[in-house]
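A structural walkthrough
Chain by chain, the residues run as shown.
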Amino acid sequence: WYAKYRDGDGVIREVPTGCRDKQAAMSVLKGLTDRAELVKAGVLTSDQADISDHQQTPLANHIAEYIQHLRDRRVHPDRVNTTASRLTESAAACGFRRLADLSCDKLDRWLVEQANDVNRKASAAVCNGYCDVWVAFGNWCTGKRVSGKKSHMNGEKRLLTNPFVGIGRRDSRQDRRRVARAMTEDELARLIDAAKRRPLLEALTVRRGP
């Protein structure tokens, strides 16, 4: 069954109820019309009404849509894969199943555990990487869209506010696992020598056939 009604902004909408039974579908329709009346009366804003539609959707679905959004923006595949991996791993570990479950404190506690874990010993840079992907995801859920150096808030709203804004970041300068240094004279000489010999080596290397 489908429900046809006029929303709080006066727009006629026709949406699937997900019900096979007519009485159950009528209950869904009543919920939609009641919400529209609240919007008309000013008790509920249009944004709040739209946001409520997303609250029962599994978080995994929202993450999948966000990852597709990154691909559509032609974000580098490595960055997309890293973002997907970090969001999925930490969401499962923190018990994030719905948008309402998102918590800055839970994520922060989990990151502390990863940093103290003797097997993982996550660096400050890694922990900050997890913070970055959740802040970006939270911004996307509030409707923020970025195009180059410009941004706007006209995207679909799934959250009123970003729960990860202001999450504490680690000082990566105090926890550097790799320290950059200048090359020694010997290393520089060997690098130049290898660069000189590489074209000839490539030309003489047989990669196909006998």
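Residues numbered from 1 in each chain as written. Predicted model: local features only at pLDDT ≥ 70, side-chain atom pairs only at ≥ 80, totals over all residues. Heavy atoms only, no water.

Some details on the overall build of the chain
Along its length, the chain carries 7 helices and 4 strands. When the elements of the chain are put in sequence order from the N terminus, they spell out β-β-α-α-α-α-α-α-β-β-α. Since a compact globule built from 210 residues should have a radius of gyration of about 17 Å, the 25 Å found for the chain marks it as more spread out than a globular shape. Principal-axis analysis of the C-alpha atoms gives the chain an extent of 80 × 50 × 35 Å. Residues classed as buried in the chain amount to 28% of the 210 residues present. When contacts within the chain are restricted to residue pairs at least 6 apart in sequence, long-range pairs at least 24 apart make up 54% of them. (Helix = DSSP H or I, 4+ residues; strand = E, 2+ residues; numbered from the N terminus. Rg over C-alpha atoms; globule rule 2.2 N^0.38 Å. Buried < 20%, exposed > 50% of the residue type's maximum accessible area, 1.4 Å probe, protein only. Contact = heavy atoms within 4.5 Å.)

Re the confidence of the model for the chain
For the chain, mean pLDDT is 87; residues scoring 70 or higher make up 92% of the total. Across the chain, the secondary-structure element scoring lowest on mean pLDDT is helix α2 (residues 46-52), at 66, and the one scoring highest is helix α4 (residues 77-94), at 96. (pLDDT = per-residue confidence, 0-100.)

Looking at the pattern of salt bridges
For the coordinates displayed, the defined rule picks out 10 salt bridges. Residues joined by salt bridges that share partners form a network here, namely Glu 65, Glu 156 and Arg 158. (Salt bridge = Lys/Arg side-chain N within 4 Å of Asp/Glu carboxyl O.)

Things to note about the environment of Ala 92
Note on placement: Ala 92 falls in helix α4. Distance from Ala 92 to Phe 137, taken between C-alpha atoms, is 16 Å for residues 45 residues apart in sequence.

Looking at helix α3 (residues 59-72)
In a regular helix each residue adds 1.5 Å, so 14 residues correspond to 20 Å; α3 covers 20 Å between its end C-alpha atoms and thus fits that length. Along α3, the residues that are buried comprise Leu 59, His 62, Ile 63, Tyr 66, Ile 67, His 69 and Leu 70. End-on view of α3: buried residues confined to an arc of 155 degrees, all on one side of the axis. The exposed set on the far side of α3, more than 90 degrees from its buried face, consists of Ala 60 and Asp 72. In this fold, the buried residues of α3 make contact with α4, α6 (124-141) and β3 (145-147). (Expected span 1.5 Å × (residues − 1). Arc of directions from axis to C-beta.)

Some thoughts on unusual backbone geometry
For Arg 74, which is not a glycine, the phi torsion comes out positive at approximately 65 degrees. Mapped onto the elements of the fold, Arg 74 is located in the loop between α3 and α4. Phi is positive for Lys 121, close to 45 degrees, though the residue is something other than glycine. Relative to the helices and strands, Lys 121 resides in the loop between α5 (104-116) and α6. Its relative accessible area of 48% is what places Lys 121 among the partly exposed residues.

Description of the layout of surface pockets
In this structure, the largest pocket spans a volume of roughly 360 Å³. In terms of lining, the largest pocket is formed by 16 residues, of which the most central are Tyr 66, Leu 70, Arg 73, Arg 79 and Ala 136. Of all the secondary structure elements, the ones that give two or more residues to the lining of the largest pocket are α3, α4, α6 and β3. Broken down by element, the residue count for the lining of the largest pocket peaks at 5 residues, all from α6. (1 Å grid on protein atoms, 1.4 Å probe; cavity = no way out; pocket = protein on both sides within 12 Å on 5 of 7 lines; lining within 4 Å. Points joined across faces, edges and corners; volume = space filled by probe spheres on them.)

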